[in-house]
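Below are the chains, spelled out letter by letter.
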Amino acid sequence: MAELRLMENCDIEECTELYLGAFQHDGKMGEYFRANLPLYFKQYIESDYCMAYVLTDGDSIIGIITAIIVPSIGMNSISIDTVAISPAYQRKGYGKQMFSEFFEKTRGSFYSLNAQRSGTGYRLYDKVGFSDETDRAYMIYMPGVTDRIKQLESELKAENSEKSGDQ
């Protein structure tokens, strides 16, 4: 039976590989994420306002959930940042189990996450109780970072176009 526990520093390498596999990041984007995910996970482990959990099956990590606690009036608001399930464990109920245990551990909070309706996790989020009854757009701009991400996305699209044209 799978079990949810706090992520530890010794889990970072395995979590990095799980994330890359779950979101199929390869090429330049994969290199970018492989270089930056360890710091990302470390910050979630060490921060008082962040949390990172792993879902384990025996000695293997099969899922990740990271979230940020946003203090608010009355109850905490928890913004879920990353949800990833190993491809071999997807569509087998582990995502629902991970959310259920996460909600139990963080009971009494208001939860939010940002998801695309066409995204792979959208159906899971709907199944565990999230709704998208608003037309509000969540937008973000980080000087330098947003521009670099857009540049990497353009390079990746060009690379994929070249590969498609070669076939």
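Before reading further, recall that the structure is shown in the block above.
Residues numbered from 1 in each chain as written. Predicted model: local features only at pLDDT ≥ 70, side-chain atom pairs only at ≥ 80, totals over all residues. Heavy atoms only, no water.

On to helix H3 (residues 94-105), then. Given a rise of 1.5 Å per residue, twelve residues ought to cover 16 Å, and the 16 Å separating the end C-alpha atoms of H3 matches this to within 8%. The elements touched by buried residues of H3 are strand S1 (3-6), strand S2 (50-57), strand S3 (60-70), strand S4 (77-85), strand S5 (110-113) and helix H4 (122-127). (Helix = DSSP H or I, 4+ residues; strand = E, 2+ residues; numbered from the N terminus. Expected span 1.5 Å × (residues − 1). Contact = heavy atoms within 4.5 Å.)

All right, on to the sheet that holds S4 then. Pairing within the open sheet is mixed, and its five strands lie in the order S1-S2-S3-S4-S5. Strands at the two margins of the open sheet, each flanked by one partner only, are S1 and S5. Adjacent strand axes in the sheet meet at a mean angle of 30°, parallel and antiparallel pairs treated alike. Here S2 runs beside S3; their pairing, made up of eight bridges, is antiparallel. Paired with Tyr-53 across the bridge in S3 is Ile-65. Each of S2, S3 and S4 touches helix H1 (residues 12-22); the most contacted strand, S3, lies at about 90° to it. Relative to S3, helix H2 (residues 27-46) is tilted by about 60°, and along the sheet it contacts S2, S3 and S4. (Pairing = 2+ DSSP bridges. Axes fitted to C-alpha atoms, helices over the stretch in contact; angles between N-to-C directions.)

Before going further, it helps to examine the nonpolar core. Among the nonpolar cores identified, the biggest contains 21 residues, and Ile-65, Ile-80, Phe-99 and Phe-102 are the most heavily contacted of them. At the level of elements, S2, S3, S4, H3 and H4 are the ones that each hand at least two residues to this core. When neighbours within four sequence positions are excluded, Phe-99 is seen to be in contact with Ile-65, Ile-80, Val-83, Leu-113, Leu-124, Tyr-125, Val-128 and Phe-130. Among the nonpolar cores identified, the runner-up in size contains 19 residues, and Met-7, Ala-22, Val-54 and Ala-84 belong to it. (Core = buried A, V, L, I, M, F, W, Y, C linked by side-chain atoms within 4.5 Å. Buried < 20%, exposed > 50% of the residue type's maximum accessible area, 1.4 Å probe, protein only.)

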